[in-house]
Amino acid sequence: MRFTYAEAMTRAELYAPLAQAAEAAGYTSMTVADSLIYPKESDSRYPYTDTGDREFLEDKEFIETMIFCAHVFAVTKTLRLTPFVLKLPVRPPVLIAKQAASVSFLSNNRLTMGVGLSPWPEDFVAMGVPWEKRGKRMDECIDIFRGLTTGEFFEYHGDFYDIAEMKQTPAPTEPIPLLVGGHSDAALRRAVRKGDGWMHAGGDGEELDRLLTRLAEIRAEEGDTRDDFQIHVISTDAYSVDGIKRLEDKGVTDCIVGFRVPYIKGQDTEPLEVKVAALERFANGVIAKVN
């Protein structure tokens, strides 16, 4: 089992020391939250909280995802970073391929790319991208990302993007693992067909079991027998050694763990030393015993 440390919507100056502490404690990766804008007015609902409120996002210090990765990679040596998840179809795919390849190259292949659809129509409006057919657009973005990050000549002719033969260098010396987030059937199937794994966004244990069962069904339908298919989940079972064994038995490869509820209005006032103590306590109590 691998472990990913999740800390989001805290003060920007804390991320670098937290990443260094997570690396020293034995975590494999750290998540990177992605947010482009906070619209003054919106009827949209956040899909991964009970109330759907979005006010907890206001005034949080979201550093642009690829800039965040460059910042944290510069102060760490082994820790991976995993956007959780980058809103891919609202971005120009040629640009995000260049950014991701550059960051991966400079970090010695430490980027794992979590991607998904934005739940906010306002993101699409702000970026000048149609909300309609966003799933198909997402598929094309993934194809372009895959092709351009090889460092070889690549061309693409789809419904949304028409790219003449080109290459981007430098390229990472290893393929960038691409994980697809989302709980819909379409997202699960996209993870199998186009991704190297799936990222769970949270929820109760019964819902997670349903999603894992459906993911297994889709993999069987698609004839996917990969041994290295990654499954990243958020689960209360991740906080005990016995629980980790149950998750392993269900095919989970990576646990995403955090030590506070980030969905709060106003600023996070928890001190750095409290955060570090929490991640170290888990590392000593669970990671060290599991691994």
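Residues numbered from 1 in each chain as written. Predicted model: local features only at pLDDT ≥ 70, side-chain atom pairs only at ≥ 80, totals over all residues. Heavy atoms only, no water.

Novice: Give a description of the nonpolar core that names residues and reports values.
Specialist: Among the nonpolar cores identified, the biggest contains 65 residues, and Phe-3, Tyr-27, Met-113, Trp-198 and Cys-255 are the most heavily contacted of them. By size, the runner-up hydrophobic cluster in this structure holds five residues, among which are Met-9, Phe-56, Leu-57 and Trp-120. (Core = buried A, V, L, I, M, F, W, Y, C linked by side-chain atoms within 4.5 Å. Buried < 20%, exposed > 50% of the residue type's maximum accessible area, 1.4 Å probe, protein only.)

Novice: Run through the packing of aromatic side chains, naming residues and quoting values.
Specialist: Counting across every chain of the model gives 14 aromatic pairs. Ring plane angle 55° and centroid distance 5.8 Å describe the contact between Tyr-46 and Tyr-263, whose orientation is recorded as tilted. Of this pair, Tyr-46 sits in the loop between β2 (29–32) and α2 (65–73) while Tyr-263 sits in the loop between β11 (254–257) and α9 (272–290), and the two are 217 residues apart along the sequence. Classification of Tyr-46 as buried rests on a relative accessible area of 18%. By way of ring pairs, the aromatic residues Phe-3, Tyr-5, Tyr-27, Tyr-239, Phe-259 and Phe-282 are connected into one cluster. (Phe/Tyr/Trp six-rings, centres within 6.5 Å; stacked < 30°, edge-to-face > 60°. Helix = DSSP H or I, 4+ residues; strand = E, 2+ residues; numbered from the N terminus.)

Novice: Let's hear about the pattern of salt bridges: which residues, and what values?
Specialist: Under the criterion given, the structure shown has 25 salt bridges. One network of salt bridges, in which partners are shared, links Asp-185, Arg-189, Arg-193, Arg-214, Glu-217, Glu-221 and Glu-222. (Salt bridge = Lys/Arg side-chain N within 4 Å of Asp/Glu carboxyl O.)

Novice: Please provide a residue-by-residue account of unusual backbone geometry, values included.
Specialist: Peptide bonds are trans in most cases, and residues, glycine excluded, mostly fall at negative phi. Across the junction of Phe-84 and Val-85, the peptide omega takes the value -10°, indicating a cis bond. Looking at the secondary structure, you find Val-85 in the loop between β3 (80–83) and β4 (86–87). Positive phi values are uncommon outside glycine, yet Asn-108 reaches one of about 60°. Summarising the element assignment, Asn-108 is placed in the loop between α3 (93–106) and β5 (113–116). Even without glycine at this site, Lys-133 takes up a positive phi of about 60°.

Novice: A description of the side chain of Arg-91 should follow, citing residues and the corresponding values.
Specialist: Here Arg-91 is to be found in the loop between β4 and α3. A relative accessible area of 7% places Arg-91 in the buried class. Within polar-contact distance, the side chain of Arg-91 engages the side chain of Asp-34 at 2.8 Å. Residue contacts for Arg-91: discarding those within four places in its chain leaves Asp-34, Leu-36, Glu-64, Thr-65, Leu-86, Ile-96, Cys-141 and Tyr-161. (Polar contact = N/O pair within 3.5 Å; in protein donor to acceptor, adjacent residues only side chain to side chain. Contact = heavy atoms within 4.5 Å.)

Novice: With reference to specific residues and values, describe the environment of Thr-78.
Specialist: When you line up the elements, Thr-78 lands in the loop between α2 and β3. Its relative accessible area of 57% is what places Thr-78 among the exposed residues. In contact with Thr-78, not counting residues within four places along its chain, are Glu-23, Thr-28 and Arg-110.

Novice: Which residues make up empty space enclosed by the protein, and what values go with them?
Specialist: Counted by the stated rule, this structure contains three cavities of 30 Å³ or more. Reported here for the largest cavity is a volume of approximately 80 Å³. As for the largest cavity, its lining consists of Glu-7, Ala-8, Met-9, Tyr-15, Thr-31, Val-32, Ala-33, Glu-61, Phe-62, Ile-63 and Phe-68. Of the residues that constitute the lining of the largest cavity, the class distribution is eight nonpolar, one polar and two charged. What lines the second largest cavity is Ser-35, Ile-37, Tyr-38, Pro-39, Arg-54, Leu-57, Trp-120, Glu-122 and Asp-123. Its residues placed into classes, the lining of the second largest cavity shows five nonpolar, one polar and three charged. (1 Å grid on protein atoms, 1.4 Å probe; cavity = no way out; pocket = protein on both sides within 12 Å on 5 of 7 lines; lining within 4 Å. Points joined across faces, edges and corners; volume = space filled by probe spheres on them. Nonpolar A, V, L, I, M, F, W, Y, C, P; charged D, E, K, R; others polar.)

Novice: Now, about the sheet that holds strand β9 (residues 197–199): what can you tell me, with residues and values included?
Specialist: The strand order across the open sheet formed by nine strands is β3-β2-β1-β11-β10-β9-β8-β5-β4, and the pairing between neighbours is parallel. Bordering the open sheet on either side are β3 and β4, each of which pairs with just one other strand. Inspection of the sheet shows strand β8 (residues 178–181) paired to β9 by three bridges, in the parallel sense. Bridge pairing in β9 places Leu-179 opposite Gly-197. In the packing of helix α6 (residues 185–194) onto the sheet, contacts are made with β8 and β9, and the angle to β8 comes to roughly 170°. (Pairing = 2+ DSSP bridges. Axes fitted to C-alpha atoms, helices over the stretch in contact; angles between N-to-C directions.)

Novice: Before we move on, can you summarise α2 with the specific residues and values?
Specialist: One turn of the α-helix equals 3.6 residues, which is why residues spaced by three or four share an orientation. Of all the positions in α2, only Thr-65, Met-66, Phe-68, Cys-69, Val-72 and Phe-73 are classed as buried. Mapping the buried residues of α2 onto a view down its axis gives an arc of 155°, with all of them on the same face. Those residues of α2 that are buried lie in contact with α1 (15–25), β2, β3, β4, α3 and β5. The N-capping residue of α2, defined by a side-chain oxygen 3.0 Å from the backbone nitrogen of Met-66, is Glu-64. (Arc of directions from axis to C-beta.)

Functional significance is not addressed by these values, which are geometric in nature.
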